[in-house]
Protein chains: 6
Amino acid sequence: MVAKVPDIAPTVDILLGNLEDGVPVADKLAAREGLVHVGRTVDMGETQLWTRINSLDSPWALDDLITLVTEIGDQLEVIMIPKVEGPEDIHYADRLVSQLEARATLSRPILFHALLETARGVANVEAICGASPRMQGISLGPADLAANRGMKTTRVGGGHPDYAVIGDPPTGEDGTPDIHVDRARHQQDLWHYTTARMVDACVTHGILPFYGPFGDIADTVACEVQFRNAYLLGCVGAWSLHPKQIDVAKKVFSPRPEDVAQAQRVIDAMGDGTGAIMLDGKMEDDASVKQCHVVVELAKRLAARDPDLAASYGF
Amino acid sequence: MVAKVPDIAPTVDILLGNLEDGVPVADKLAAREGLVHVGRTVDMGETQLWTRINSLDSPWALDDLITLVTEIGDQLEVIMIPKVEGPEDIHYADRLVSQLEARATLSRPILFHALLETARGVANVEAICGASPRMQGISLGPADLAANRGMKTTRVGGGHPDYAVIGDPPTGEDGTPDIHVDRARHQQDLWHYTTARMVDACVTHGILPFYGPFGDIADTVACEVQFRNAYLLGCVGAWSLHPKQIDVAKKVFSPRPEDVAQAQRVIDAMGDGTGAIMLDGKMEDDASVKQCHVVVELAKRLAARDPDLAASYGF
Amino acid sequence: MVAKVPDIAPTVDILLGNLEDGVPVADKLAAREGLVHVGRTVDMGETQLWTRINSLDSPWALDDLITLVTEIGDQLEVIMIPKVEGPEDIHYADRLVSQLEARATLSRPILFHALLETARGVANVEAICGASPRMQGISLGPADLAANRGMKTTRVGGGHPDYAVIGDPPTGEDGTPDIHVDRARHQQDLWHYTTARMVDACVTHGILPFYGPFGDIADTVACEVQFRNAYLLGCVGAWSLHPKQIDVAKKVFSPRPEDVAQAQRVIDAMGDGTGAIMLDGKMEDDASVKQCHVVVELAKRLAARDPDLAASYGF
Amino acid sequence: MVAKVPDIAPTVDILLGNLEDGVPVADKLAAREGLVHVGRTVDMGETQLWTRINSLDSPWALDDLITLVTEIGDQLEVIMIPKVEGPEDIHYADRLVSQLEARATLSRPILFHALLETARGVANVEAICGASPRMQGISLGPADLAANRGMKTTRVGGGHPDYAVIGDPPTGEDGTPDIHVDRARHQQDLWHYTTARMVDACVTHGILPFYGPFGDIADTVACEVQFRNAYLLGCVGAWSLHPKQIDVAKKVFSPRPEDVAQAQRVIDAMGDGTGAIMLDGKMEDDASVKQCHVVVELAKRLAARDPDLAASYGF
Amino acid sequence: MVAKVPDIAPTVDILLGNLEDGVPVADKLAAREGLVHVGRTVDMGETQLWTRINSLDSPWALDDLITLVTEIGDQLEVIMIPKVEGPEDIHYADRLVSQLEARATLSRPILFHALLETARGVANVEAICGASPRMQGISLGPADLAANRGMKTTRVGGGHPDYAVIGDPPTGEDGTPDIHVDRARHQQDLWHYTTARMVDACVTHGILPFYGPFGDIADTVACEVQFRNAYLLGCVGAWSLHPKQIDVAKKVFSPRPEDVAQAQRVIDAMGDGTGAIMLDGKMEDDASVKQCHVVVELAKRLAARDPDLAASYGF
Amino acid sequence: MVAKVPDIAPTVDILLGNLEDGVPVADKLAAREGLVHVGRTVDMGETQLWTRINSLDSPWALDDLITLVTEIGDQLEVIMIPKVEGPEDIHYADRLVSQLEARATLSRPILFHALLETARGVANVEAICGASPRMQGISLGPADLAANRGMKTTRVGGGHPDYAVIGDPPTGEDGTPDIHVDRARHQQDLWHYTTARMVDACVTHGILPFYGPFGDIADTVACEVQFRNAYLLGCVGAWSLHPKQIDVAKKVFSPRPEDVAQAQRVIDAMGDGTGAIMLDGKMEDDASVKQCHVVVELAKRLAARDPDLAASYGF
């Protein structure tokens, strides 16, 4: 895998050196050494080098941090810390990394990205987000979180057909409800509370919320639905497990050209952005024009790095 | 607008002098002066005079408070404070208003109504509700909140077709799922977490939760659905942007006659309200009779001010 | 009722001596004495004896605790405390019970199960769960909670047809939306936020989350849907008001044989549980295998006490 | 002892029914019953009836509270709670007493006086003082506190000759210090920190600080010095163990006539109490005149109940 | 007084415009206007302009702040806030001043100096010191503090002969103590706890502790003793009420030449400041050399502005 | 120094491997290696091996911990952590040491002893003491603390002649005070507040308070006075810088035989330890007998290890 990195690096925005879940126990040391080798030998160009270390209560985390900060700290942008349970986890890593950075005479601080994978982490998410100026973002880890909560889904993210509400039964001729007739079932979003609270916690502290992985790689339709929910609720991205998902993510996390055009139309109609107007039967004012700016500014940031997208927006 | 107030005032319960969003920058001072003129000259009768001042971090808020409390503090019932982020905002306004009231020798305390319009406000909503005995209620401000969270909706409240879950794909003849077949999509409520947590925070501190505005004035059907969700989750009202919405709100926030009748039937059957009975195949006890009282008492309060409603309830 | 206990006790896991809601005021003392009689005279065998005392702010709670701990403290496993509002309620009961246990020279601590029945309780749920090592679990009490929140449902748990979102209106030929056409309505889960936050609070403190009662005893279909939602979100059980619901609960809170088999298949494929594989087009790794263990371990615990279930799982 | 109460009661301001230290284990129940007998049969006139119950972690405290509040709650003014360690002790007693008062249909709340007798109590003294509106005051318990802290004094309050600082040694003729020459030793106050912090905590919460007992009954001179220190630092009284100490306490805790006269002189010179003047070479202003009011108002309160004192002040 | 300012200003480091205690009620407005006149017309040169406003709960504080920041905010260095009780006082003043500064387009933040004059202030002193980056220092206000605590001294700062400990009585020939013999009395420092805790709070937050005024202007000897205690415990200055006290303060708050010389001698002997040596029979190491630097650096700072002092130190 | 250890070790209770103050920068690594050598090669017998590492914000602390725990963690009893400022310092060291212990497969936890050497540490001392179950004790570090506070003493512990109060001046014949007459000066204890609060914090959390070093090695008289103050206020020991001080410490921290005899006499007179008696004109009760037990139990613990002491006590 290490051998392929020089070819892959220039093609992606972020290269994640994963040392945690997915790496068998027997390969933990080799994975760490491989990452050091990459950090020392590969020219990353504009690509950021991130790593996901092992969880802080594992036997590997301390040496992951000592080794990586000491050996390739000048190459690492972000350390993903898995299974963060509370601010104390970030405080500990913060201080240890500070001392390792000082010893290695690094001048640029390495940032942290926390993975939200336990019930206790969700209960503490606001404090986690505010635990250090190193905090860059948080990602929802739906598989670990579901297991920790005792949710009875074995899917990695996405919905579950058993989570649903049903309509009332029809009333039969004799005035009693007939409960055995088929009724409308409405499937529900397992992740609404978690995602909404995570987004609020991130925005409160000025860091970035991400959705995590979607395990059913074959079902790109459901993946798109899941990613779009995250996008709509305020997430800025998601983790792709497969190239097929990269296309889905690119599509979802870029606003649609027609949405950008409509947002721009409202902005234009609002003049200096204060006051209130009626447009297409809808009231627009200082508040709703801010929503439009969210969409247009995201489109502009993405278009600056993607000429095709820029063209689609007419920028 | 000021000229019309003497005619409008007697027809509404609350007259809101808005100085914030919707008032262009150039009109800020005129709006404030207009409100002072109204407060000094118009006989408000039974109608309450409220104001929405500019946000505390704007260049106008301090003078809004100094002027309004000093000039028409004896007329103002409630000050709506927009974009409240935490209890410190209420503490500050509380103390400043206390000193202004003392200087103006006012004897009745002016109350506060906070607008929940930022992610940080939601994360702090319990503390905001409990920050002062002046707190009268909180309203959800969905447009500002969506923009602040980075939600990619440009609608002012209500749902969004992109927030949905889909069912599992059907399995084809060869046993593999066919992901491209059309599947049931179930749209989700963008505001469930926010509304539910806001209601709990308000009830915890004995103040009133309101839903805010619904921007698509033409779509009164969707407006009714949105208002009804808020009503069902515990809100006591919503903000109407247009006379068409006033009718919707009146309809939604008054219980239906058949619901009142059924609630009264349970209450009657429960005698002294303790113990447990079976009615129509449902268990009713000390707890469920309290739910029925919520409905009947609301109906009685509303009926006391609205003869038509009273008639519809048979009171 | 007391007379029937010797026959019932051997047939259930838990016998709950209820002193609170459902017991008329006039019967409060008799109910307490009846429970003392049961505790002193009935051979409970393997069956646990629990009690639900009256709420701590009622005129009966102090004497409920003094009497029950003093008289039958050696028989009581768990005291359910209704309408818990914050950790202070648990602290008070904890200390009082400690002193009563000491006076009665009991050597085994009596545990607590809190009922979540108020908005303030939900706002404090994390602190309630962590308030004492006696805490064994929490149950959602949907009827009291709905009444306390001012939710306008009179149902004891379950959904409500009025809580729904609707799709966008179709656009007519002239390009304007036609709001009066019938649109898809998608009913929503009233309890998503409450259940999800309660589960997180429990898991954070290592105690057990339960859904509470479902009042519409006739509608076993809706009961099953409600119980299944709780099961899926992480609850370990629910309260049955009627024998018909016991069968529903047993069915819902035991994983389906096919789910157990599939979970076992993933576990088997994952070897030592580390690393990552593809199975049926889905990625499985250290995290998702934990989800599978949740299901399989639950199946094993249940099968150990139920030969039919064991057979269905092929254990 | 109980037999003598009718004679003693009219001669004192407060009659303290002590159930704790000083009562041998074998007499605990008799002491409690004796106090109930007194409360029920003795006409207390203007004299307040207080009790010091056993400590909350003793086997007697719960029954002390249940019995006393139930039987003579209408006679009890203040319950002294010994060995209070933190606000949780007050919270527990507060709630238990509230429920006992309600059951006994008492309409006047019984107050609490906490004894500061442990290191943890001192570390939490601010929170203890603010733990309940029942809090009436705090007394320093120097013997228990010294033992709990591991202070190596076996005296009950007062100073200790071993706590002293010494001056520098004189320098001999050869320029080196001669450490063996006798030097000035200056004894120090063992209780300065404790008393000062306790006074601040009490004043912060509007309750009364007391010094506690002085054990060396024969040494009335040292007793007076100790009481005067407490008086000067802000305490309002002390506990007398013997009639000889009552005279000392009366003398110390009443300001001297010459101090009252001088304070009045400053007050007179200050006119409306604002501004600044020079008097006897000292600056007096709005602040120092408040100090004078402390002395004069105390004198007036005491004089109102003591004609001799009034005469000595010339009131 | 205002007329004299142009002459006085160049001769002092700080000119304090006092609006609070010492200013009679009738002169409050004139004092404020006088200060505005000074701020607008007098060339302060290197001299800092400070003001002590009226206390925040007085009828003047709000207008003091509005007027002074608006009119002469560009001239004011520090606002002394009297009778600060907790961090909420600083938070309020901080925010109000921020908005007034913004409105007045001031670019340099005005600093705060809090007066510690209440028991509650002492109990909250750490939080007060850390309440805002505007916090520049704290001064002890002994007169108000004594009155608020109910200390029975009417002196403005300094000691009191009644606060003392006495030695044990001698034992007579018959082996019993003779308590009536004259014994050594050792007067105690009334302010030890208060000053020590205040210094720790200031140093914790990087701000400056000051002792306050000494009222007995004639007794310069006692004034010197009091100031020296403050100096020794860590204060950086004191407030002089009279020119005679200025000389005392200058003398006390400048280290003695012999102390500076000895400190320098230790520094020189310690080389790079690490390790340990013996000097004059005393151990000196990394820690004690820091103490010496405290003295020498203070001497250097003072000498830089005072040639006589520089000469006395031999700099 | 390392060479002498085998001879010294058997003669002391604790051998402290100091890496911090007193070790020049150039010798830091050699000192650490020397300590490793000692830990690996010297048979410590009953003697405990402690170390004082460099402060956590120094460039050496991280490697001190990694090296010592990894190399000689099985030999180390206690790590002294200098300049602890708050609980976060202990949390960090606790977690790092936990992971190092796990990696080194140590089964006995290494304890911590914190040095109180900064104003911020004193302000946080209660939280520091309770920050970890590893906390074994705290020592006052008077030199660093004085420097950090800006106290103008250059002495390492002990008193200072400049900290004193003076009596009032005599009044001359003309009735005016004569301030120039010599008056009684009473030197004060610089460390009263610090020591008293530290003792309370330690006892609150069940750990041991120590006084620190006394720098004037020649002045054993003043050293004894300082140590005795600490002993009296509750400290259990002090740090000796020189063999002469070891004798002083042994003498001071063992109770005097006559004090032990008197304490035993009170205990004997009190029978079962409850109730109250008069002895030599002093009241003794449940509380004062606890003080006597403090002295007698200390004597017994010390006598168990020192036959001479046992003989002097008559045990």
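Residues numbered from 1 in each chain as written. Chains lettered and ligands numbered in written order. Predicted model: local features only at pLDDT ≥ 70, side-chain atom pairs only at ≥ 80, totals over all residues. Heavy atoms only, no water.

Enquirer: Before we go on, may I ask you to explain the relation of the copies chain C and chain B in this structure?
Expert: Of the transformation placing chain C onto chain B, the axial shift is 0.0 Å and the rotation is 120°, giving an RMSD of 0.0 Å. Such values leave the two copies arranged in the relation of a three-fold axis. (Least-squares fit on C-alpha atoms with pLDDT ≥ 70 in both.)

Enquirer: Help me understand the relation of the copies chain D and chain F in this model?
Expert: The two copies are related by a screw operation: chain D maps onto chain F through 120° of rotation and 0.0 Å of translation along the axis, at an RMSD of 0.1 Å. Interface residue correspondence from chain D to chain F reaches only 18%, placing this contact among heterologous pairings that use different surfaces. (Contact = heavy atoms within 4.5 Å.)

Enquirer: What is the right way to look at the interface of chain C and chain B in this model?
Expert: For an interface, size is often stated in terms of accessible area lost upon the parts coming together. The interface of chain C with chain B comprises 50 residues on the first partner and 47 residues on the second. When chain C packs against chain B, the two sides together hide about 4000 Å² of surface, and 59% of this comes from carbon and sulfur. Linking chain C to chain B there are five salt bridges. Two residues, Asp162(C) and Arg256(B), come together in a salt bridge whose shortest N-O distance is 2.9 Å. Scanning the region where chain C abuts chain B turns up 22 residue pairs in polar contact (both at pLDDT 80 or more). Every element with two or more residues in the side of chain C that touches chain B is listed here: helix H5 (119-123), helix H7 (142-149), strand E6 (164-166), strand E7 (185-187) and helix H8 (192-205) of chain C. Here the element with the most residues in the side of chain C that touches chain B is H7(C); it accounts for seven residues. Tallied by class, the residues present in the side of chain C that touches chain B amount to 24 nonpolar, 12 polar and 14 charged. (Buried area = accessible area lost by both parts, 1.4 Å probe. Salt bridge = Lys/Arg side-chain N within 4 Å of Asp/Glu carboxyl O. Polar contact = N/O pair within 3.5 Å; in protein donor to acceptor, adjacent residues only side chain to side chain. Helix = DSSP H or I, 4+ residues; strand = E, 2+ residues; numbered from the N terminus. Nonpolar A, V, L, I, M, F, W, Y, C, P; charged D, E, K, R; others polar.)

Enquirer: What is the right way to read the sheet that holds strand E1 (residues 14-18) of chain B from this model?
Expert: Pairing between the strands of a sheet is mediated by backbone hydrogen bonds and can be parallel or antiparallel. All names here are of chain B. Ordered in space as E1-E2-E3-E4-E5-E8, the six strands form an open sheet in which the pairing is parallel. Of all strands in the sheet, those with a lone pairing partner are E1 and strand E8 (208-210), marking the two edges. In this sheet, neighbouring strand axes are inclined to one another by 25° on average, regardless of whether the strands run parallel or antiparallel. Here strand E3 (residues 76-81) runs beside strand E4 (residues 111-116); their pairing, made up of four bridges, is parallel. Pairing of valine 78 across the sheet is with leucine 111, part of E4. Across the sheet, helix H3 (residues 61-72) touches strand E2 (48-52) and E3, and the angle it forms with E3 is around 170°. (Pairing = 2+ DSSP bridges. Axes fitted to C-alpha atoms, helices over the stretch in contact; angles between N-to-C directions.)

Enquirer: Help me out: how do you make sense of the arrangement of the chains in this one?
Expert: For chain B and chain D, which are not in contact, the least C-alpha distance works out to 19 Å. Contact between chain C and chain E is absent, and the minimum C-alpha spacing across the pair is 25 Å.

Enquirer: Explain the nonpolar core here, please?
Expert: Where a protein is soluble and globular, its nonpolar side chains tend to be buried together. Counting residues in each nonpolar core, the largest one holds 448 residues, and the members touching the most others are Ile138(A), Ile138(B), Ile138(C), Ile138(D), Ile138(E) and Ile138(F). Those residues in contact with Ile138(C) that sit more than four places away from it in its chain are His113(C), Ala114(C), Leu116(C), Val125(C), Ile128(C), Cys129(C), Met198(C), Cys202(C), Ile207(C), Leu208(C), Pro209(C) and Phe210(C). (Core = buried A, V, L, I, M, F, W, Y, C linked by side-chain atoms within 4.5 Å. Buried < 20%, exposed > 50% of the residue type's maximum accessible area, 1.4 Å probe, protein only.)

Enquirer: Help me understand the sheet that holds strand E3 (residues 76-81) of chain A, please; the structure alone is not making it clear to me.
Expert: All names here are of chain A. Taking strand neighbours across the sheet as the criterion, the six strands line up as E1-E2-E3-E4-E5-E8 in an open arrangement whose pairing is parallel. Only two strands of the sheet have a single partner each, and these edge strands are strand E1 (14-18) and strand E8 (208-210). Here the strands of the sheet are splayed against their neighbours by 25° on average, with no regard to which way each runs. Here E1 pairs with strand E2 (residues 48-52) via five bridges, running parallel. Each residue of the ladder has a partner; that of asparagine 18, found in E2, is arginine 52. Helix H8 (residues 192-204) contacts strand E4 (111-116), strand E5 (135-140) and E8 of the sheet and is inclined by roughly 180° relative to E5.

Enquirer: Please explain the packing of aromatic side chains as it appears in this structure.
Expert: Any two aromatic rings considered together are summarised by their centre-to-centre distance and by the angle between their planes. Residues and elements named next belong to chain B. Overall, the coordinates contain 45 aromatic pairs over all chains when judged by the stated rule. Taking 6.0 Å as the distance between ring centres and 70° as the angle between the ring planes, the aromatic pair formed by tryptophan 50 and tryptophan 239 counts as edge-to-face. Pair noted here: tryptophan 50 is in strand E2 and tryptophan 239 is in the loop between helix H9 (220-233) and helix H10 (243-252), with a separation of 189 residues, a long-range link. Comparing tryptophan 50 with tryptophan 239, the two get one shared label, buried. Consider the rings of tyrosine 231 and phenylalanine 253, whose centres lie 5.9 Å apart with planes at 90°: the pair is edge-to-face. You can see tyrosine 231 sitting in helix H9 and its partner phenylalanine 253 sitting in the loop between H10 and helix H11 (257-269), a full 22 residues away along the chain. In terms of burial, tyrosine 231 and phenylalanine 253 fall into one category: buried. (Phe/Tyr/Trp six-rings, centres within 6.5 Å; stacked < 30°, edge-to-face > 60°.)

Enquirer: Before we go on, may I ask you to explain helix H4 (residues 87-103) of chain E in this structure?
Expert: Each α-helix winds once per 3.6 residues, and so residues spaced three or four apart point in a common direction. Its 17 residues place the ends of H4(E) 24 Å apart at the C-alpha level, agreeing with the 24 Å of an ideal helix rising 1.5 Å per residue. At the exit of H4(E) stands Thr105(E), carrying a positive phi of roughly 50°. (Expected span 1.5 Å × (residues − 1).)

Enquirer: Help me out: how do you make sense of the environment of Gly137(F) in this one?
Expert: Residue and element names in this part refer to chain F. Secondary-structure assignment places glycine 137 in strand E5 (residues 135-140). Overall, glycine 137 belongs to the buried group, its relative accessible area being 0%. For glycine 137 and phenylalanine 112, which are 25 residues apart along the polypeptide, the C-alpha to C-alpha distance reads 7.2 Å. Beyond its immediate stretch of four places on either side in the chain, glycine 137 contacts Phe112, His113, Ala114, Ile207 and Leu208.

Enquirer: Before we go on, may I ask you to explain the pairing of strand E2 (residues 48-52) of chain D in this structure?
Expert: Looking along a regular strand, one sees the side chains alternate between the two faces of the sheet. Residues and elements named next belong to chain D. Among the five residues that make up E2, four are buried, leaving the element largely enclosed by the rest of the structure. As for the winding sense of the linkage, the β-α-β connection from strand E1 (residues 14-18) through helix H2 (residues 28-41) to E2 is right-handed. In this structure, E2 lies alongside strand E3 (residues 76-81), joined through four bridges in parallel fashion. The residue of E3 that forms the bridge with leucine 49 is leucine 76. For the handedness criterion, the β-α-β arrangement of E2, helix H3 (residues 61-72) and E3 is classed as right-handed. (Right-handed = clockwise from strand over helix to strand, strands pointing away.)

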